[in-house]
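Read off the chains here:
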Amino acid sequence: MIVLGIETSCDETGIGLYCSERGLLADGLYSQVEIHARYGGVIPELASRDHVRKTLPLIREVLAEAELSLSEIDGIAYTAGPGLVGALLVGASVGRALAAGLDVPALGVHHMEGHLLAPLLENAARGDDSPVSRGSDRVGRDADGRQSRDAPRKELRFPFLALLVSGGHSQLVRADGIGRYQMLGESLDDAAGEAFDKVAKMLGLPYPGGPHLARLAQRGDPGRFEFPRPMTKRPGLEFSFSGLKTHVRTVIAEQRESEGELGDQTRADIARAFEEAMVDTLTIKCRRAIRQTGLESLVIAGGVSANLRLRQVLERQLGADTVYYAAPRYCTDNGAMIAYAGSRRLLAGERDGLEIQVRPRWPLESLPAI
Ligand code: KG4
Ligand code: ZN
């Protein structure tokens, strides 16, 4: 089954073509970063308008790359939520209309399920839950151009623990199968990616700041500042990053008082301390969740899972064979993950009606099991 995936939940137009027999055929991404950068954040109306401009041309490009025609598509999956309502409506309308025109089934996919299943995506054809990336020695590069392992070394199978860390979510989820998710802990305030972006902004870095901050942190001295690891002393799997963010703001203000405009090294040292605090906090919670659940595999997914230090620390502390993640381009928003998640559900017989429906808020646990 060949599924066209359409992702338009935020500021990236992503298109993917996934074949259940042959794996990922092609995918393309059009990023709106330049449009929103001058405002320091995503402007929803501008995002919607740009998805309108880009979705159809990108579908054509990806089809051409895969040397396929529209008539060869067997199903269409589009992100139906969570996300910005106007942006979601663009992908949902295009996807639903195209499916009606082609007389193929359409399905609205949950964006975070797309992220969660992304580590399964890059593997060859399969009929069950298992990716086949055993013994892979492919090496990829993270957003900062540093080398990282591209795919897990052994098969990932349900059940597993998933750390979903994106611009809008920080969640620890127990995954027993597709649609069989139990929320173990969530952020009480900012999402991990949001915290990266806000601190990056304080340091004068461009939007979205996560990858820029990670790059700056490479030059930072880890011993100069020690930032708090929020909510790690008390039990539980909840996260809270707003206190850490405030702490950074205070340190920046103090440094400004003593040294005037922040020097490059001080900015790098603060970035380093912040990244270490984030990574440490996420690692402590993952270790705790693994201990509590007895699960043996951890998937990290969502934009922040592209962070090289997070991958390294988790692998060091939990064991390289425990930790699974997608190549960096499939950690951040993309159409391939939507095509893949959609293909799994469409193959199981799920379909949407003719109405166009999006869900800006949509609890992951409410998804049906397949
Ligand atoms: O999953 P994603 O592309 O979009 C959402 O669903 O939100 O995640 C985007 C988030 C942004 O906050 C971005 O700054 C962050 O992921 N991010 C990173 C890195 N790459 C992307 N954060 C830290 N380190 C990175 N290398
Ligand atoms: Zn996302």
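Please read all numbers here as calculations on a predicted model, not as lab measurements. (Residues numbered from 1 in each chain as written. Chains lettered and ligands numbered in written order. Predicted model: local features only at pLDDT ≥ 70, side-chain atom pairs only at ≥ 80, totals over all residues. Heavy atoms only, no water.)

## What about the domain arrangement of the protein chain?
- Domain annotation of the protein chain identifies domain 1 (2–130 + 330–366) and domain 2 (160–326).
- Taking only C-alpha atoms into account, the centre of domain 1 sits 27 Å from that of domain 2.
- Across the contact, 23 residues belong to domain 1 and 25 residues belong to domain 2.
- Of the roughly 2000 Å² buried at the junction of domain 1 and domain 2 (both faces included), carbon and sulfur atoms supply 74%.
- Taken as a group, M112, L116 and C331 account for 31% of the area that domain 1 buries against domain 2, more than any other trio of residues on that side.
- At the boundary of domain 1 and domain 2, one finds three residue pairs in polar contact (both at pLDDT 80 or more).
- Of all the secondary structure elements, the ones that give two or more residues to the side of domain 1 that touches domain 2 are α1 (33–37), α4 (111–121), α10 (328–331) and α11 (335–347).
- Broken down by element, the side of domain 1 that touches domain 2 gets its largest block of residues, seven residues, from α4. (Domains from an automatic or database assignment. Contact = heavy atoms within 4.5 Å. Buried area = accessible area lost by both parts, 1.4 Å probe. Polar contact = N/O pair within 3.5 Å; in protein donor to acceptor, adjacent residues only side chain to side chain. Helix = DSSP H or I, 4+ residues; strand = E, 2+ residues; numbered from the N terminus.)

## Structural notes on the environment of D190
- Relative to the assigned elements, D190 resides in the loop between β10 (180–186) and α5 (192–202).
- For D190, a relative accessible area of 7% puts it in the buried group.
- Put simply, D190 and E45 are 145 residues apart on the chain and 23 Å apart in space, counted from C-alpha to C-alpha.
- Each residue touching D190, except ones within four places of it in the same chain, is listed here: S170, K198, F241, S242 and K245.
- A distance of 2.8 Å separates the side chain of D190 from the side chain of K245, its partner in a polar contact. (Buried < 20%, exposed > 50% of the residue type's maximum accessible area, 1.4 Å probe, protein only.)

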